[in-house]
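Below are the chains, spelled out letter by letter.
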Amino acid sequence: IIVDSGAAETVMPKGWCPQAATRASSTGGKTYTAANGSAITNKGEKVVSMITKEGQWRNLKFQVCDVTRPLASVHKICEAGHSVIFNPSWDDRGSFIVSHETGEKLWLTPKDGVFVLETKVAPTKMQTYPGFARQGS
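All values derive from a computational prediction rather than experimental measurement.

K.L.:
Which residues make up the packing of aromatic side chains, and what values go with them?
P.N.:
Counted under the stated rule, the structure contains three aromatic pairs. With centroids separated by 5.5 Å and ring planes inclined at 75 degrees, the aromatic side chains of Trp16 and Phe62 adopt a geometry described as edge-to-face. Residue Trp16 is found in the loop between strand E2 (11-13) and strand E3 (31-33), and its partner Phe62 is found in strand E6 (residues 57-65); the two are separated by 46 residues along the sequence. Take Trp16: its relative accessible area is 25%, and that puts it in the partly exposed class. Judged by relative accessible area, Phe62 falls into the buried class, the value being 0%. Where Phe86 meets Phe115, the ring centres are 4.8 Å apart and the plane angle is 35 degrees; that geometry is what we call tilted. Here Phe86, found in the loop between strand E8 (82-85) and strand E9 (95-99), pairs with Phe115, found in strand E11 (residues 114-116); they are 29 residues apart in sequence, far enough to count as distant. Over the ring of Phe96 we find Lys105, and its NZ or CZ is 4.3 Å from the ring centre.

Procedures and definitions
- Residues numbered from 1 in each chain as written.
- Predicted model: local features only at pLDDT ≥ 70, side-chain atom pairs only at ≥ 80, totals over all residues.
- Heavy atoms only, no water.
- Phe/Tyr/Trp six-rings, centres within 6.5 Å; stacked < 30°, edge-to-face > 60°.
- Helix = DSSP H or I, 4+ residues; strand = E, 2+ residues; numbered from the N terminus.
- Buried < 20%, exposed > 50% of the residue type's maximum accessible area, 1.4 Å probe, protein only.
- Lys NZ or Arg CZ within 6 Å of the ring centre and 35° of its normal.

Fair warning: the whole summary comes from geometry, so function is off the table for now.
Quick look at the structure:
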């Protein structure tokens, strides 16, 4: 998941994570503007249960849109009670999301000029809001 300081919403592609149910969203039908100026329409939301590379269980709410990659909004992360710290890749302090409540850190990985929150999506039976998925998902 790319951590994006320019994203107003945390978004995901329509077909991503079929094991999590798409629900109606209070922002459903809302139109966002992509970096290239094109319109992106909200098609609902999914709460996706996942595990971080540190083994931490997290639920993240995504707005479902016609985008190519999942993006986590820094603004939404901060509004949820966290800070996002970006450092150069050579800096030993690293880059991370830190909870104001617990001090727990989720480490970010610099990849191809962006910062990535590496996660594994939980299978259907472990989703907070399970949906229908292909067999074996």
